[in-house]
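Breakdown of the fold
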Amino acid sequence: RVGGSDAAADAAGVAAALFPATGTSDRPTAVVLIDQDDWQSAIAASVLSAPPIGAPPLLSDGNELPAVTEETLDQLAPRGSDLSEDAQVIRIGPDVARPQNFKTALIQGDDPYERAAAIDRFFSAARGRPSNDVVLYSGESAEWAMPAASWAARSGDAVLPVEARSIPRPVARVLENHERPNVYLLGPERVISKQVADQLKERKLARSVNRIEGPTPVENAIAFARYEKGDFGWRVNIPGYNFALASTTRPSDAAAAAPLATRGVFAPLLLTDDPEALPEPLESYLLSVQPGYEGDPR
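Residues numbered from 1 in each chain as written. Predicted model: local features only at pLDDT ≥ 70, side-chain atom pairs only at ≥ 80, totals over all residues. Heavy atoms only, no water.

Okay, the pattern of salt bridges next. The final tally for this structure, using the stated rule, is five salt bridges. The salt bridge partner of Arg115 is Asp38, with a shortest N-O separation of 3.0 Å. Of this pair, Arg115 sits in helix α4 (residues 112-127) while Asp38 sits in the loop between β1 (31-35) and α2 (39-45); the two residues are 77 residues apart in sequence, bridging distant segments of the chain. Asp38 shares its class with Arg115; the two are buried. Between Arg235 and Glu228 there is a salt bridge, and its shortest N-O distance comes to 3.6 Å. Here Glu228 falls in the partly exposed class, since its relative accessible area comes to 47%. Taken together, the shared-partner salt bridges in this structure form one network comprising Asp10, Arg250 and Asp253. (Salt bridge = Lys/Arg side-chain N within 4 Å of Asp/Glu carboxyl O. Helix = DSSP H or I, 4+ residues; strand = E, 2+ residues; numbered from the N terminus. Buried < 20%, exposed > 50% of the residue type's maximum accessible area, 1.4 Å probe, protein only.)

Counting 86 residues, the largest nonpolar core has Ile43, Leu48, Ile92, Val135, Leu136 and Leu200 as the members making the most contacts within it. Per element, the largest residue contribution to this core is eight residues, and it comes from α4. Ignoring sequence-local partners within four residues, the contact set of Ile43 consists of Tyr137, Ala145, Met146, Ala148, Ala149, Val159 and Ala254. Counting residues in hydrophobic clusters, the runner-up holds 14 residues, among them Val31, Leu58, Leu76 and Val89. (Core = buried A, V, L, I, M, F, W, Y, C linked by side-chain atoms within 4.5 Å. Contact = heavy atoms within 4.5 Å.)

Moving on, we get to a positive patch on the surface. Taken together, the side chains of Arg121, Arg169, Arg173 and Arg203 define a basic patch exposed on the protein surface. Residue placement: Arg203 occurs in the loop between α8 (194-202) and β8 (208-212). By relative accessible area, which is 46% here, Arg203 ends up partly exposed. (Patch = residues over 30% accessible without salt bridge, like charges linked within 9 Å, V, L, I, M, F, W, Y side chains within 5 Å. Areas by Shrake-Rupley, 256 points an atom, 1.4 Å probe, with all protein chains shown as cover. Lys, Arg positive; Asp, Glu negative; His and termini not counted. Charge placed at Lys NZ, Arg CZ, Asp CG, Glu CD.)

Next up on the list: the packing of aromatic side chains. The full count for this structure, using the stated rule, is eight aromatic pairs. Plain terms: the ring middles of Phe243 and Tyr285 are 5.7 Å apart, the flat faces sit at 75° to each other, and that makes the pair edge-to-face. Of this pair, Phe243 sits in the loop between α9 (217-226) and β9 (244-247) while Tyr285 sits in helix α11 (residues 280-288), and the two are 42 residues apart along the sequence. Exposure remark for Phe243: the relative accessible area of 27% places this residue in the partly exposed category. Here a set of aromatic residues connected by ring pairs shows up, and it is made of Trp151, Tyr184, Phe224, Tyr227, Phe232 and Trp234. Above the plane of the ring of Phe266 lies Arg154, whose end atom (NZ or CZ) is 4.2 Å from the centre. Positioned over the ring face of Phe19 is Arg263, at 4.0 Å from the centre of the ring. (Phe/Tyr/Trp six-rings, centres within 6.5 Å; stacked < 30°, edge-to-face > 60°. Lys NZ or Arg CZ within 6 Å of the ring centre and 35° of its normal.)

See the structure below:
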């Protein structure tokens with residue numbers, strides 16, 4: 001259990017666990033700093049945890065650093081990323097705290113859609129090319145969007161927010177840079193409508209449009225964990241995998257958990273909407289992929 005009292009503490013706990021910072025080799029090159037209330041940008045910024053940057057997220061409280069974030073940042077002492085002009089801290093948005101004594105880079109944007117587009121351009125430049133696959137998630141309903149964070153950290157694919165019935169202009173513009181990628185809509189039509197799929201096709205922003213969906217946020221996360229199409233998807237349908245589990249009531253925990261999808265852990269994010277018991281669909285899924293044996297149980 002990463003038992004933080006809030007998402008900022010959870011992000012600090014995950015970062016400290018994955019980067020013990022006992023020497024140069026186990027310190028990150030950079031960390032990403034995001035406002036804990038800006039879950040839309042936090043999910044989009046989870047891609048920065050993927051190679052080649054590999055920067056874990058930490059959370060600020062507006063322009064103030066929570067004590068747990070400040071302590072963890074000092075402990076990690078990032079080396080500086082040559083992919084971001086030696087920045088040790090990559091700040092998402094101008095209103096995020098600016099830590100003293102650390103070299104920072106700023107990813108600008110006046111709203112979450114602009115910031116997500118700027119994050120994608122930043123990461124595409126660092127990697128040398130835009131991703132061939134893009135996940136679009138709801139920028140309005142956090143519980144449906146959360147599973148996108150772990151996939152971004154695992155794959156390095158762009159994950160971008162959209163509105164229920166339209167593609168915001170900054171997102172549409174950055175999609176053009178991907179030169180007709182395979183697009184995956186995360187959630188049922190009441191969350192991301194058919195109008196969005198139609199706009200992608202009419203404006204020739206996508207090579208293919210696919211939908212990953214479940215009737216509830218819990219089942220939607222399971223559907224993503226099971227999903228596979230070509231080289232895309234977790235395809236977790238057999239035993240032998242790790243999972244991260246978070247509550248739908250704390251959307252910024254999606255970004256906090258995202259590094260658990262990389263650095264050898266490779267855990268897709270599952271969700272619960274009940275603090276006391278596993279929801280039935282989640283229990284059934286875990287039972288279906290639990291390790292088993294043939295013959296001797298040893």
